Amino acid sequence: MTTTVVSRLPLVRRLVLVYLALGLATVAALVVLSFVAPDHVTPEAWVRGVIVAGTAFLTLRFAQGALRREARALLRLRIVLAVLCVAVLAVLAFLPLPGWMVVEQAACAVVLLAAAVLAFREPDRSEP
């Protein structure tokens, strides 16, 4: 009897796409709020918003590589997801952000944690 292992990587990729969408929506919100409610935008929010969007693109690249079974891509994805989980939690704990961005960062933390758990449960099958 053979066991079929279903890959969790497509779901991980979808979660990373959600993280990317949150990051891009945050940057768009920062732009809009800068004009209509500048008191809801801080320099820390700008820095964090741009970092989230940038890391989301990098994470998506690793997730796509892991889906293609590229050598070491799953390892890179796991490392980046773990680091991002810690970074988001540290930001929530130590960085003063506007209330709306605290909610956004909490959503990012949930999405990244789910992606990390799934990525770490994925068997490493990069070898042929």
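Residues numbered from 1 in each chain as written. Predicted model: local features only at pLDDT ≥ 70, side-chain atom pairs only at ≥ 80, totals over all residues. Heavy atoms only, no water.

Let us now look at the confidence of the model for the protein. The predicted model of the protein averages 89 in pLDDT, with 91% of residues at 70 or higher. Here helix α2 (residues 43-67) stands out as the element of the protein with the lowest mean pLDDT, 92, in contrast to helix α1 (residues 9-36), whose mean of 94 is the highest. Counting interchain partners and residues more than four positions distant, the pLDDT-below-50 stretch residues 1-5 has two contacts. (pLDDT = per-residue confidence, 0-100. Helix = DSSP H or I, 4+ residues; strand = E, 2+ residues; numbered from the N terminus. Contact = heavy atoms within 4.5 Å.)

Nonpolar side chains in soluble globular proteins generally cluster together in the buried interior. Within the largest apolar cluster, 28 residues are counted, with the highest numbers of intra-cluster contacts made by Val12, Tyr19, Ala66, Leu77, Leu81 and Leu112. Going through the elements one at a time, α1, α2, α3 (73-94) and α4 (99-121) are the ones with two or more residues in this core. Setting aside residues up to four positions removed in sequence, Ala66 forms contacts with Leu9, Ala73, Leu74 and Leu77. (Core = buried A, V, L, I, M, F, W, Y, C linked by side-chain atoms within 4.5 Å. Buried < 20%, exposed > 50% of the residue type's maximum accessible area, 1.4 Å probe, protein only.)

What follows concerns the environment of Ala73. The topology assignment puts Ala73 in helix α3. Sequence separation between Ala73 and Arg61 is twelve residues, and the spatial gap between their C-alpha atoms is 8.9 Å. With residues near it in sequence (within four places) discarded, Ala73 still touches Phe62, Gly65 and Ala66.

Judged by side-chain polarity, Val31, Val32, Phe35, Val36, Trp46 and Val50 come together as a nonpolar surface patch covering roughly 600 Å² of accessible area. Of all the secondary-structure elements, those providing two or more residues to the nonpolar patch are α1 and α2. Ranked by the residues each element gives to the nonpolar patch, the list is headed by α1, at four residues. (Patch = residues over 30% accessible without salt bridge, like charges linked within 9 Å, V, L, I, M, F, W, Y side chains within 5 Å. Areas by Shrake-Rupley, 256 points an atom, 1.4 Å probe, with all protein chains shown as cover. Salt bridge = Lys/Arg side-chain N within 4 Å of Asp/Glu carboxyl O.)

With respect to the secondary-structure elements, Leu75 resides in helix α3. A C-alpha to C-alpha distance of 13 Å links Leu75 and Arg61, two positions 14 residues apart in sequence.

Now for the pattern of salt bridges. Charged atoms that come close allow side chains of opposite charge to pair. Under the definition given, this model contains two salt bridges. Across the pair Arg68 and Glu70 runs a salt bridge whose closest N-O atoms are separated by 2.8 Å. Under the relative-accessibility criterion, Arg68 is labelled exposed at 54%. Looking at Glu70, the relative accessible area reads 36%, which means it is partly exposed. Residues Glu122 and Arg69 are paired through a salt bridge, measuring 3.7 Å at the closest nitrogen-oxygen approach. Within this pair, whereas Glu122 is found in the segment after α4, its partner Arg69 is found in the loop between α2 and α3, the two being separated by 53 residues in sequence.

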